[in-house]
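# Examination of the molecular architecture
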Amino acid sequence: MERERIYTMKVFLTPLMPFLLILILPDGTLSNDCPKDCSCSTPESILCFLRRSSTIPKGVPTSTKSLYLFSNGIEGLTAEDFDGLENLEMLDLSQNKLTELPERVFEHLTSLRNLDLSSNQITHISEECFQGMALLERLYLYSNIIETIDPAAFNGLENLLELKLQRNHLTSLPALSMPQLLLLDLRFNALPTLGPSDLQTPNLESLKLGGVGLTSLNKELISSLKNLHELDISGNHLDSFPSVLKETQGLIHLSLAGNPMGPLKVEDLQSLGELQELDISSLSLQGLPDEFSQLLPHLRKLTIAENPFNCLCTLAWFPRWLRAQSITLERTEETRCHFPPINAGKVLERLDHKDFGCPTTTTVTTTTVKTTTTQPVPVTTLPSTTRAIPVTRASDNPRDKGNDSLLPPVPASPSSSSKEDLGEEHRFCPSHTCLNGGTCRLDQHGQVECTCPHGTSGMYCEVQNHRPASPPGDEMPMVTATVDTPDISSHQATATSILLDLHRYIEMRPYIRGIRLTYRNLSGPDRRPIQLSLPASFPEYRLRGLKPNSTYTVCASPLGAPSGTDSVCTEAQTAAESVRGTDTLSGDQRLTTMLVPAIAILLLLVLIAIAVGVVCYLRRKRAKGHLDLDCEPSQLELDGVKTSLDNGALPQKQPQLTIPEPAVQNGNLEYEVLLLQDHCTSNNNMSSHKPSYF
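Keep in mind the model is a prediction, meaning the values are calculated, not measured. (Residues numbered from 1 in each chain as written. Predicted model: local features only at pLDDT ≥ 70, side-chain atom pairs only at ≥ 80, totals over all residues. Heavy atoms only, no water.)

## Some points on the overall build of the protein
As a reminder of what qualifies: The secondary structure listing takes helices from DSSP runs of H or I that are at least 4 residues long and strands from runs of E that are at least 2 residues long, numbered from the N terminus. Only protein chains enter the area calculation, which uses a 1.4 Å probe; residues under 20% of their type maximum are buried, those over 50% are exposed, and those in between are partly exposed. In this description, contact between two residues means that some pair of their heavy atoms is separated by no more than 4.5 Å. Calculation of accessible area relied on Shrake-Rupley with a 1.4 Å probe; when residues are assessed, cover is drawn exclusively from the protein chains displayed.
The number of helices and strands found in the protein is ten helices and 37 strands. For the protein, buried positions account for 38% of its 694 residues. By sequence separation, contacts in the protein at least 24 residues apart represent 47% of the contacts at least 6 residues apart. Summed over its atoms, the accessible surface of the protein is roughly 40400 Å², and 53% of this surface lies on carbon and sulfur atoms.

## Considering the pattern of salt bridges
What counts here: We count a salt bridge whenever a side-chain nitrogen from Lys or Arg sits within 4 Å of a carboxyl oxygen from Asp or Glu.
The tally for this structure, following the rule as stated, stands at 16 salt bridges. One salt bridge connects Glu107 with Arg104, and the closest N-O pair in it is separated by 3.7 Å. The class of Arg104 is partly exposed, set by a relative accessible area of 33%. Ionic pairing is found between Glu306 and Arg331, a salt bridge with its closest N-O pair at 3.2 Å. You can see Glu306 sitting in the loop between strand S17 (301–303) and strand S18 (309–310) and its partner Arg331 sitting in the loop between strand S19 (328–330) and strand S20 (337–339), a full 25 residues away along the chain. On the basis of relative accessible area, Arg331 is assigned to the partly exposed category, the value being 34%. Three or more residues are tied together by salt bridges with common partners; here these are Arg113, Glu137, Arg138 and Glu162.

## Observations concerning the nonpolar core
Inclusion rule: Take the buried residues of types Ala, Val, Leu, Ile, Met, Phe, Trp, Tyr and Cys, join any two whose side-chain atoms come within 4.5 Å, and each joined set is a nonpolar core.
Counting 99 residues, the largest nonpolar core has Leu91, Phe106, Phe130 and Phe318 as the members making the most contacts within it. Elements that contribute at least two residues to this core include exactly helix H3 (219–224), helix H4 (266–269), helix H5 (292–295) and helix H6 (317–325). Counting residues per element, this core draws most heavily on H6, which supplies four residues. Beyond its immediate sequence surroundings of up to four residues, Phe130 is in contact with Leu101, Phe106, Leu115, Leu117, Ile125, Leu139, Leu141, Ala153, Phe154 and Leu157. Residues Tyr505, Ile512, Leu534 and Leu543 belong to the second largest nonpolar core, which totals 22 residues.

## Structural notes on the environment of Gln270
Within the fold, Gln270 resides in the loop between H4 and strand S16 (277–279). Residue classification places Gln270 among the exposed positions, given a relative accessible area of 54%. In the structure, Gln270 is positioned 24 residues away from Lys246 in sequence and 7.1 Å away in space, judged by C-alpha atoms.

## Considering the environment of Thr518
In this structure, Thr518 sits in strand S31 (residues 514–521). Taking relative accessible area as the criterion, Thr518 reaches 18% and is therefore assigned buried. With 36 residues separating them along the chain, Thr518 and Val554 place their C-alpha atoms 5.8 Å apart.

## Quick notes on the packing of aromatic side chains
Note the threshold: Under the pairing criterion, centres of Phe, Tyr and Trp rings, with the six-membered ring standing for Trp, must be within 6.5 Å; the plane angle then separates stacked pairs below 30 degrees from edge-to-face pairs above 60, leaving the rest tilted. Look at NZ for Lys and CZ for Arg. If either is within 6 Å of the ring centre and within 35 degrees of the ring normal, a charge sits over the ring.
For the coordinates displayed, the defined rule picks out nine aromatic pairs. Considering the side-chain rings of Phe82 and Phe106, the 5.8 Å spacing of their centres and the 40° angle between planes classify their relative orientation as tilted. Separated by 24 residues along the polypeptide, Phe82 in the loop between strand S3 (66–68) and strand S4 (90–92) and Phe106 in the loop between S4 and strand S5 (114–116) bring together distant segments of the chain. Between Tyr519 and Tyr552 the ring centres are 6.4 Å apart and the planes differ by 50°, which places this aromatic pair in the tilted class. Separated by 33 residues along the polypeptide, Tyr519 in strand S31 and Tyr552 in strand S34 (residues 551–558) bring together distant segments of the chain. The same class applies to Tyr519 as to Tyr552, namely buried. The rings of Phe82, Phe106, Phe130 and Phe154 are connected pair by pair, giving a single aromatic cluster. For the cation-ring pair, Arg167 lies above Phe188, with the distance from its terminal atom to the ring centre recorded as 4.4 Å. The cationic tip of Arg509 hangs over the ring face of Tyr505; the distance from NZ or CZ to the ring centre is 3.8 Å.

## Some words on the sheet that holds strand S32 (residues 530–535)
Defined as follows: Only strands that DSSP links by at least two bridges are regarded as paired with each other. All axes are obtained by fitting lines to C-alpha atoms, using only the stretch in contact for helices, and the reported angles, taken between N-to-C directions, cover 0 to 180 degrees.
Taken in spatial order, the four strands line up as S32-S31-S34-S35 in an open sheet, and their pairing is antiparallel. Either end of the sheet is taken by a strand with one partner, and the two such strands are S32 and strand S35 (568–573). Going from strand to strand, the sheet's axes swing by 25° on average, the running direction of each strand aside. As judged from the seven bridges shared by S31 and S34, these two strands associate in the antiparallel manner. When the bridges of S34 are listed, Tyr519 appears paired with Val554.

## What to know about the side chain of Asp268
Put simply, the rule is: Definition of a polar contact: a pair of N or O atoms within 3.5 Å, with one able to donate and the other able to accept a hydrogen when the atoms are protein atoms, and with sequence-neighbouring residues admitted only if both atoms are side-chain atoms.
Here Asp268 lies in helix H4. Only 3.4 Å separates the side chain of Asp268 from the side chain of Lys246, close enough to count as a polar contact. Reaching out from Asp268, the side chain makes a polar contact with the backbone nitrogen of Lys265 at a distance of 3.0 Å. Every residue in contact with Asp268, bar those within four places of it in the chain, is listed here: Phe241 and Lys246.

## Quick word on the pairing of strand S30 (residues 498–501)
Summarising the sheet, strand S29 (residues 489–491) and S30 pair through three bridges and their orientation is antiparallel. Within S30, the position partnered with Ser489 by the bridge is Asp501. As judged from the four bridges shared by S30 and strand S33 (residues 540–543), these two strands associate in the antiparallel manner. Along S33, the bridge assignment pairs Ile498 with Leu543.

## Quick notes on unusual backbone geometry
Each neighbour pair has its own omega, and for Phe339 with Pro340 the value is -5°, a cis peptide bond. Relative to the helices and strands, Pro340 resides in the loop between S20 and strand S21 (363–367). Phi angles above zero are rare outside glycine, and Arg52 is one such case at about 55°. By the secondary structure assignment, Arg52 is in the loop between strand S2 (45–47) and S3.

## Some thoughts on the sheet that holds S30
Taken together, three strands build an open sheet; the order of strands is S29-S30-S33 and the sheet is antiparallel. Edge positions in the open sheet fall to S29 and S33, since each of these has one partner strand only. If you compare each strand with its neighbour and ignore which way they point, the axes differ by 30° on average.

## Brief notes about the state of the cysteines
The condition is simple: Disulfide: a pair of cysteine sulfur atoms within 2.5 Å of each other.
Scanning the model with the defined rule gives five disulfides in all. Disulfide pairing places Cys311 opposite Cys337 at an S-S distance of 1.9 Å. Taking the torsion about the S-S bond as the criterion, the Cys311 to Cys337 disulfide, at about -90°, is left-handed. Within this pair, whereas Cys311 is found in the loop between S18 and H6, its partner Cys337 is found in strand S20, the two being separated by 26 residues in sequence. This pair shows no difference in class: Cys311 is buried, exactly as Cys337 is. Residue pairing for Cys313: its cysteine sulfur links by disulfide to Cys358, the two sulfurs lying 2.0 Å apart. Torsion about the S-S bond of the Cys313 and Cys358 cystine: about 110°, corresponding to right-handed handedness. A residue pair is termed long-range when its members are at least 10 positions apart, and Cys313 in the loop between S18 and H6 and Cys358 in the loop between S20 and S21 qualify at 45 residues.

## Some details on the side chain of Asp232
Just so we agree on the cut-off: We treat Lys and Arg as the positive residues and Asp and Glu as the negative residues; His and chain ends play no part in the count.
As for its placement among the helices and strands, Asp232 is situated in strand S14 (residues 230–232). Of the side chains bearing the opposite charge, Arg187 lies closest to the buried Asp232, which forms no salt bridge; the N-O distance is 4.4 Å. One polar contact links Asp232 to Ser234, side chain to side chain, over a distance of 2.8 Å. Once residues within four sequence positions are removed from consideration, Asp232 is found in contact with Arg187, Leu207, Lys208, Leu209, Gly210 and Ser255.

Here it is as structure tokens:
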């Protein structure tokens with residue numbers, strides 16, 4: 001019986017609390033004084049789940065140390081509810097309907113160490129609601145609607161180790177003087193300014209400030225936290241890498257995701273050599289410095305999702321480094337290439353070295369009597385043209401085999417010993433990157449730069465600034481036509497991709513630092529929006545991996561702005577999926593049009609021929625059916641006929657002989673009566689008449 005109750009309770013437990021079942025539901029017997037609708041697996045642990053009662057259960061044993069009351073529908077608390085529970089150490093009141101905490105409501109719980117009030121509807125923390133809880137170590141108040149906290153609300157909580165206040169409506173924070181506090185979570189509140197006077201927590205190890213609206217990180221605050229190991233400042237408005245982090249030592253976990261701070265520099269990460277986890281998602285990164293692999297020797301988890309990476313030769317080291325160092329790349333499917341077009345949409349981690357378009361390195365081997373050296377052939381990149389020095393190798397000319405001394409000397413580069421020239425083969429720019437005759441090159445960070453000719457401008461020289469001159473002698477006034485051009489448009493749609501034109505959107509908004517693209521499929525069952533972050537230097541972008549023959553809505557908005565601000569949308573249609581060409585399809589249609597009637601006529605003729613054959617066969621059968629007997633005459637009849645013939649007696653005909661129906665017509669138009677018909681049946685299955693005998 002008890003096992004059935006335990007099984008029923010397990011079925012209804014929420015997925016968020018499975019560990020409670022292991023802690024408080026081991027094999028045992030139910031307590032006799034267990035409160036109604038609760039489970040007491042041990043005398044010290046009580047679980048009351050989904051009681052659907054607005055009050056605390058009555059009759060809780062005084063020996064109870066753990067009381068779990070989550071999802072009970074409790075609407076109010078009184079100090080009398082906890083009378084006699086001085087031994088209680090764990091109280092879980094999460095996921096109820098509490099709106100307020102009365103003064104000194106927990107004062108009888110002098111041994112309480114863990115209090116969970118999360119996911120309620122509490123709006124205010126009063127001055128004395130936590131009075132008398134000197135031993136409290138963990139206080140969880142997250143996911144409420146708390147707007148204000150009394151400055152003295154946390155006084156006396158000197159042993160508090162963890163305080164979680166995330167996902168509330170706080171706009172200010174009382175001074176937290178907690179010398180033992182190790183974890184403080186303030187994420188998703190409105191706290192744009194935090195200083196050392198707000199957090200008097202010298203032993204704090206984990207500080208989470210994601211999405212609080214920071215525009216800068218207070219240097220004095222971070223410097224005062226000497227024991228800080230985890231820092232989350234994601235989703236804020238930091239426009240540059242915080243300078244205080246360049247001097248911070250001991251950070252193990254760092255999250256910078258979703259800040260408009262731009263590309264990371266080598267000097268930003270030099271003091272973070274102890275990092276084990278790093279999140280730099282959504283920073284509009286186009287690449288990573290190649291020194292990145294040497295700066296973070298202890299890194300074990302890395303998140304770089306939602307960045308528009310240029311998957312060129314300067315980034316070819318990255319997948320190999322991940323595998324060599326056994327680093328886990330989080331959100332792998334969201335870490336994709338945006339450039340060049342051949343790699344757009346591909347998962348960065350899954351690319352091979354050859355996919356990055358690195359040029360083949362040509363080497364010359366010079367042999368002497370004592371040594372053999374290998375020298376890279378220098379490549380000189382000029383502003384307008386790229387020219388490689390031709391090299392003739394011994395293997396290219398059959399006459400030179402076995403005679404390396406005939407090779408021409410390799411011209412020495414004046415700066416061949418410098419780091420920039422040794423890595424020149426890695427500074428590779430794909431063809432057709434710059435438009436209108438522009439020259440492409442990569443800077444020291446791997447970013448694409450175009451040198452534009454006169455009269456053009458833009459990231460890729462895509463904007464033509466000159467206006468064609470009027471013909472000589474043409475005195476007609478210039479007429480300017482105003483065309484209502486959409487800010488974003490689509491063209492060159494295939495079955496699985498759409499090319500977006502963002503030229504006008506970028507031109508009309510020169511102040512934006514990036515573009516947030518949001519698209520969803522209006523033709524399919526799954527209409528969830530998908531978001532991408534692009535730099536403002538992408539005038540065109542191709543959406544890939546779409547569904548054929550579907551209508552998509554695509555919206556563009558400035559990166560970092562609130563959702564829906566300055567959003568421009570358009571609709572685009574992907575082409576239908578086609579397996580074969582149009583000509584083949586129309587040819588097949590013509591062939592089908594010709595074959596179907598011909599086959600139908602042929603089948604009709606075959607059916608007619610079969611029908612005629614069956615009719616003729618039946619007629620022949622009917623004509624000959626009277627001569628074909630299905631059985632032999634009986635032995636008695638044969639003996640009787642034979643005896644009569646032996647005695648010389650002949651059968652006498654009756655005076656009037658009636659010709660029965662089953663008769664056969666001979667050639668003289670006379671009918672002969674068939675004999676021996678009493679045990680035989682004609683082939684045509686017609687009934688026969690018995691003939692007359694002597």
